[in-house]
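Working through the structure, step by step
If you want the building blocks of each chain, they are given just below.
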Amino acid sequence: MSYETILVETRGKVGLVTLNRPKALNALNAQVLADLLAAFRAFDADPAIAASVLTGSEKAFAAGADIKEMQSRDYVDMYVADAFAGWDDFARIRKPIIAAVAGYALGGGCELAMMCDFIIAGDNAKFGQPEITLGVMPGMGGSQRLTRFVGKSKAMDMVLTGRMMDAAEAERCGLVSRVVPADDLMAEALTAASRIAEFSLPAVMMAKEAVDRAYETTLSEGLRFERRLFHSMFALEDQKEGMAAFVEKRPARFLDR
Ligand code: CAA
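Anyway, here's the lowdown on the structure attached to this text. (Residues numbered from 1 in each chain as written. Predicted model: local features only at pLDDT ≥ 70, side-chain atom pairs only at ≥ 80, totals over all residues. Heavy atoms only, no water.)

By secondary structure assignment, the location of Gly-162 is in the loop between helix H7 (152-161) and strand S9 (164-166). For Gly-162, a relative accessible area of 14% puts it in the buried group. Through-space distance from the C-alpha of Gly-162 to that of Ala-62 is 16 Å; in sequence the pair is 100 residues apart. Among residues more than four places away in sequence, those in contact with Gly-162 are Gln-129, Pro-130, Ile-132 and Asp-157. (Helix = DSSP H or I, 4+ residues; strand = E, 2+ residues; numbered from the N terminus. Buried < 20%, exposed > 50% of the residue type's maximum accessible area, 1.4 Å probe, protein only. Contact = heavy atoms within 4.5 Å.)

The next subject is the packing of helix H6 (residues 142-150) against H7. Orientation of H6 relative to H7, taken along the N-to-C sense of each, is 135°, at an axis distance of 7 Å. Looking at the two axes, H6 sits oblique to H7. Crossing of H6 against H7: the hand is right-handed. Within the contact between the two elements, H6 uses Leu-146, Thr-147 and Val-150 and H7 uses Lys-152, Lys-154, Ala-155, Met-158 and Val-159. Residue composition of the contact of H6 with H7, grouped by class: 5 nonpolar, 1 polar and 2 charged. (Axes fitted to C-alpha atoms, helices over the stretch in contact; angles between N-to-C directions. Parallel < 35°, antiparallel > 145°, perpendicular 65-115°, else oblique. Left-handed = near helix turned anticlockwise from the far one by under 90°. Nonpolar A, V, L, I, M, F, W, Y, C, P; charged D, E, K, R; others polar.)

Another point: the site of the ligand. If you check the shell around the ligand, you find 24 residues, and the closest are Lys-59, Ala-65, Gly-108, Glu-111 and Glu-131. Gly-108 has a polar backbone atom sitting 2.8 Å from an oxygen atom of the ligand. Sorting the residues of the shell around the ligand by element identifies helix H2 (67-70), strand S6 (104-106) and helix H5 (108-115) as the ones contributing at least two each. For the shell around the ligand, the element with the highest residue contribution is H2, accounting for 3 residues. Looking at the shell around the ligand residue by residue, the class counts come to 14 nonpolar, 4 polar and 6 charged. (Near = heavy atom within 4 Å. Polar contact = N/O pair within 3.5 Å; in protein donor to acceptor, adjacent residues only side chain to side chain.)

Another point: a negative patch on the surface. A surface patch of negative charge is lined by Glu-58, Asp-123, Asp-183 and Asp-184. By secondary structure assignment, the location of Asp-184 is in the loop between strand S10 (178-180) and helix H9 (185-198). (Patch = residues over 30% accessible without salt bridge, like charges linked within 9 Å, V, L, I, M, F, W, Y side chains within 5 Å. Areas by Shrake-Rupley, 256 points an atom, 1.4 Å probe, with all protein chains shown as cover. Salt bridge = Lys/Arg side-chain N within 4 Å of Asp/Glu carboxyl O. Lys, Arg positive; Asp, Glu negative; His and termini not counted. Charge placed at Lys NZ, Arg CZ, Asp CG, Glu CD.)

With that out of the way, let us pick up the pattern of salt bridges. Evaluated as defined, the whole model comprises 15 salt bridges. The partner of Arg-41 in a salt bridge is Asp-89, and the shortest N-O contact between them spans 3.7 Å. Taken together, the positions of Arg-41 in helix H1 (residues 30-45) and Asp-89 in helix H4 (residues 87-90) put the pair 48 residues apart, joining distant regions of the chain. Looking at Arg-41, the relative accessible area reads 45%, which means it is partly exposed. Among the salt bridges present, the one from Glu-169 reaches Lys-154, with a minimum N-O distance of 2.6 Å. One end of the pair, Glu-169, is in helix H8 (residues 167-172); the other, Lys-154, is in helix H7, and 15 residues separate them in sequence. What makes Glu-169 buried here is its relative accessible area of 10%. Through salt bridges with shared partners, a single network forms among Lys-154, Asp-157, Arg-163 and Glu-169.

Another aspect to go through is helix H12 (residues 237-247). Taken residue by residue, H12 has Asp-238, Gln-239, Glu-241 and Ala-245 as its buried positions. Buried residues in H12, looked at end-on, bunch into an arc of 165°, giving them a common side. Elements in contact with the buried residues of H12: helix H10 (201-213). Looking one or two residues past H12, Lys-249 carries a phi angle of roughly 55°, positive in sign. (Arc of directions from axis to C-beta.)

Attention now goes to the side chain of Asp-66. Tracing the backbone shows Asp-66 in the loop between strand S4 (60-62) and H2. Overall, Asp-66 belongs to the buried group, its relative accessible area being 9%. There is a polar contact of 2.9 Å between the side chain of Asp-66 and the backbone nitrogen of Lys-68. Separated by 3.1 Å, the side chain of Asp-66 and the backbone nitrogen of Glu-69 make a polar contact. Setting aside chain neighbours within four positions, we find Asp-66 in contact with Arg-21, Ala-27, Leu-28 and Asn-29.

See the structure below:
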């Protein structure tokens, strides 16, 4: 299947999606959302794919929602269309997605990276929520997700001043999981995704679901949710295999069941 705004490849059990609107610095319009949902839903449905990487170009992961697409809209247009609600579907993709961010991840670009499961940044990455400079505020989750990632003080700083943070600051404050030289970014992200793909797919998906739950519920409910999933894993053949392999001092051969 070919897409208008993204490139899709597979590398073994890893899916690789590259945002591909270079003239607009990968600005996110309705077509990008439709293409991303189609591609990642296809990965979710494909038993041969276990994890994926989402990336942009060397200059821009994505420079935000498409300002030119939004510019002439009025309140009723935005409200009736429930603009940006479709991105909630992206956050519901069930297999892990690593964001590999080089260059600008601004506005919706930063918000899209935060919708992925973790972010690996090139040392040239720049993150920001500059919507305030356009007379608006973040609309794809930035006020909520950035605050959960980096805490109130830094989120307020980013959202109210519109300033960018570099990769080192983003790592320091927990927005990204690792920073690597920009030239190594894709290799590092694909290696991380391949590592995830070696493990039991149902165990990986449940682990992702459990960590995501921490954002949605209280500690006691989250702990209960974790325990229920943990108990359910003892119905997996892969639990028997993983633990037997440890005891027998051999590599595990997971069957994804
Ligand atoms: N939407 C639409 N087009 C965009 C864009 C965006 N978010 N960001 C960049 N572009 C376009 C530019 O208009 C330009 O196109 P033309 O050549 O046709 O003029 C092209 O991409 C290249 O951009 P620049 O010439 O500006 O490149 P630069 O290197 O000088 O600057 C930049 C790079 C600092 C990222 C600058 O492009 C910029 O500030 N972009 C906008 C960033 C922004 O405000 N993002 C937030 C968008 S709103 C949002 O995301 C809302 C939300 O939360 C959902």
